[in-house]
Amino acid sequence: QVQVVETGGGLVQAGDSLRLSCAASGRTSSNYFMGWFRQAPGKEREFVAGINWSGGATFYGDFVKGRFTISRDNAKNTVFLQMNSLKPEDTAIYYCATGPRYPTTNPLSYDYWGQGTQVTVSS
């Protein structure tokens, strides 16, 4: 069974930074794509960023516009999401997920999800 655990959320002010972590366990990490999604109240879950575990190729949602950076530490089976210049509209629950062997922004393609971590950005 694969387990995914996110940490690092919190309450910050607009313009601040946060670093989210995602630890995956229970499977060999190579060849699986890791993704970050977010969901705000009343909105659909949207793709934030993703990384190919072995190759380091990265992908971002259009709204990121250079503010976020996804990275990984293969030795620790951990993926990070560095979020800078946070805006109130970034307020959401942030989820980490894994499952597909190819880059995809479709949440239905991901089999394993963490419980989510709340990010709140005040104006």
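Residues numbered from 1 in each chain as written. Predicted model: local features only at pLDDT ≥ 70, side-chain atom pairs only at ≥ 80, totals over all residues. Heavy atoms only, no water.

## What to know about unusual backbone geometry
Across the chain, the bulk of peptide bonds are trans and the bulk of non-glycine residues have phi less than zero. One non-glycine residue with positive phi stands out, namely lysine 65, at about 50 degrees. Structurally, the position occupied by lysine 65 is in the loop between β6 (58-60) and β7 (68-73). (Helix = DSSP H or I, 4+ residues; strand = E, 2+ residues; numbered from the N terminus.)

## Description of the state of the cysteines
Here the structure, examined in full by the defined rule, presents one disulfide. The residue that forms a disulfide with cysteine 22 is cysteine 96, at a sulfur-sulfur distance of 2.0 Å. Where cysteine 22 bonds to cysteine 96 through sulfur, the torsion about that S-S bond is close to -80 degrees, and the disulfide is left-handed. You can see cysteine 22 sitting in strand β3 (residues 18-25) and its partner cysteine 96 sitting in strand β9 (residues 92-98), a full 74 residues away along the chain. Across this residue pair, the class does not change: cysteine 22 and cysteine 96 are buried. (Disulfide = S-S within 2.5 Å. Buried < 20%, exposed > 50% of the residue type's maximum accessible area, 1.4 Å probe, protein only.)

## Some points on the nonpolar core
If you look at the biggest cluster of nonpolar residues, it comprises 26 residues, and the most contacted ones within it are Trp36, Leu81, Met83 and Tyr94. Looking at this core, the elements with two or more residues in it are β3, β4 (33-39), β5 (46-52), β7, β8 (78-83), β9 and β11 (117-122). Apart from the residues within four sequence positions on either side, tyrosine 94 is in contact with Glu6, Leu20, Trp36, Phe37, Arg38, Val48, Phe68, Leu81, Met83, Gly116, Thr117 and Val119. Counting residues in hydrophobic clusters, the runner-up holds five residues, among them Phe33, Phe47, Ala97 and Tyr110. (Core = buried A, V, L, I, M, F, W, Y, C linked by side-chain atoms within 4.5 Å. Contact = heavy atoms within 4.5 Å.)

## A short note on the sheet that holds β7
Sheet strands associate in pairs through backbone hydrogen bonding, adopting either a parallel or an antiparallel arrangement. Pairing is antiparallel in the open sheet, where four strands are placed in the order β1-β3-β8-β7. With one partner strand each, in any of the chains shown, β1 (3-7) and β7 form the two edges of the open sheet. In this sheet, adjacent strand axes meet at a mean angle of 15 degrees when their direction is disregarded. When β3 meets β8, the two strands line up antiparallel, connected through six bridges. Bridge pairing in β8 places leucine 20 opposite leucine 81. (Pairing = 2+ DSSP bridges. Axes fitted to C-alpha atoms, helices over the stretch in contact; angles between N-to-C directions.)

## A look at the side chain of aspartate 90
Structurally, the position occupied by aspartate 90 is in the loop between β8 and β9. Taking relative accessible area as the criterion, aspartate 90 reaches 0% and is therefore assigned buried. In this structure the side chain of aspartate 90 is engaged in a polar contact, spanning 2.8 Å, whose partner is the backbone nitrogen of lysine 87. Discounting residues that sit within four places of it in the chain, aspartate 90 has contacts with Arg38, Arg67, Phe68, Ser85, Val119 and Val121. (Polar contact = N/O pair within 3.5 Å; in protein donor to acceptor, adjacent residues only side chain to side chain.)

## Points about the pairing of β7
With six bridges joining them, β7 and β8 adopt antiparallel strand pairing. Across the sheet, residue phenylalanine 68 finds its bridge partner in β8, namely methionine 83. The antiparallel pairing of β7 with β8 creates a hairpin that spans four residues between the two strands, and asparagine 77 there sits at a positive phi of about 50 degrees.

## Some words on the environment of aspartate 73
In this structure, aspartate 73 sits in strand β7. Overall, aspartate 73 belongs to the partly exposed group, its relative accessible area being 24%. The sequence separation of aspartate 73 and tryptophan 53 amounts to 20 residues, and the corresponding C-alpha distance is 9.1 Å. In this view, aspartate 73 contacts Thr78 and Phe80; residues no more than four positions away in its chain are not counted. At a separation of 3.1 Å, a polar atom in the side chain of aspartate 73 contacts the main-chain amide nitrogen of alanine 75.

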